[in-house]
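# Topology and contacts: notes
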Amino acid sequence: QVQLVESGGGFVQTGGSLRLACTPSGRTATTYHMAWFRQTPGNEPEFLASITRPGTTTYYGDILKGRLAISRDVAKNTVYLQIDSLRPEDTAIYHCAADPRQLGRRQVEYQYWGQGTQVTVSS
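Below is a short write-up of the structure. (Residues numbered from 1 in each chain as written. Predicted model: local features only at pLDDT ≥ 70, side-chain atom pairs only at ≥ 80, totals over all residues. Heavy atoms only, no water.)

## Here we look at the nonpolar core
When a protein is soluble and globular, its nonpolar side chains tend to lie buried together. Core analysis: the biggest nonpolar cluster contains 26 residues, and Leu4, Met34, Trp36, Leu81, Ile83 and Tyr94 have the highest contact counts within it. Put simply, the parts of the chain that give this core at least two residues each are strand S3 (18–25), strand S4 (33–39), strand S5 (46–51), strand S7 (68–73), strand S8 (78–83), strand S9 (92–99) and strand S11 (117–122). Ranked by residue count, the leading element in this core is S9, at 4 residues. Contacts of Tyr94, omitting those with residues within four sequence positions, involve Glu6, Leu20, Trp36, Phe37, Arg38, Leu48, Leu64, Ile83, Gly116, Thr117 and Val119. (Core = buried A, V, L, I, M, F, W, Y, C linked by side-chain atoms within 4.5 Å. Buried < 20%, exposed > 50% of the residue type's maximum accessible area, 1.4 Å probe, protein only. Helix = DSSP H or I, 4+ residues; strand = E, 2+ residues; numbered from the N terminus. Contact = heavy atoms within 4.5 Å.)

## Here we look at the environment of Ser17
If you trace the backbone, Ser17 turns up in the loop between strand S2 (10–13) and S3. A relative accessible area of 39% means that Ser17 is categorised as partly exposed. Sequence spacing of Ser17 and Tyr80 is 63 residues, and the spatial spacing of their C-alpha atoms is 13 Å. Setting aside anything within four residues of it in sequence, one finds Ser17 in contact with Val12, Gln82, Ile83, Asp84, Ser85 and Leu86. Polar contacts involving the side chain of Ser17 include one to the side chain of Asp84, which spans 2.9 Å. (Polar contact = N/O pair within 3.5 Å; in protein donor to acceptor, adjacent residues only side chain to side chain.)

## Some remarks on the pairing of S7
The alternating pattern of S7 places Leu68, Ile70 and Arg72 on a buried face and Ala69, Ser71 and Asp73 on a face that is not buried. Judged from the 6 bridges that link them, S7 and S8 form a sheet pairing that is antiparallel. The residue bridging Ser71 from the neighbouring strand is Tyr80, located in S8. Remark: 4 residues form the turn of the hairpin made by S7 and S8, two consecutive strands paired antiparallel; Asn77 in that turn has positive phi of roughly 55°. (Pairing = 2+ DSSP bridges.)

## Some details on unusual backbone geometry
A positive phi is found at Leu64, a non-glycine position, where the angle reads about 60°. In this fold, Leu64 is placed in the loop between strand S6 (58–60) and S7. For Leu64, a relative accessible area of 6% corresponds to the buried category. The phi torsion at Ser85 lies on the positive side, around 50°, for a residue other than glycine. Summarising the element assignment, Ser85 is placed in the loop between S8 and S9.

The analysis is restricted to geometry; functional conclusions fall outside its scope.
Structure follows, in structure tokens:
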């Protein structure tokens, strides 16, 4: 069983930036395609970005377009999500997801999920 551990969330003012991190506990991150989603209360997770196992290709959703950058640090066994120009409506729980075979934009395509890290943007 893979455990995904997210970090990097917190409180930030409008216009600020955060870098979220996700590490698969006990496993090599390059074994998995990785993605980030965000979720607000009462809503389904929204796709933000994904990255292939070797980290050579990235995909972005329409949400936060132009304000996101997903990357992979093989040496640190970690996938990052940089979010810039944060707005109050970006307040959500940000989840990391992983799958050894699938890479897509839907929640069901990822077998493993982290607990999430809370991002709160104040106005």
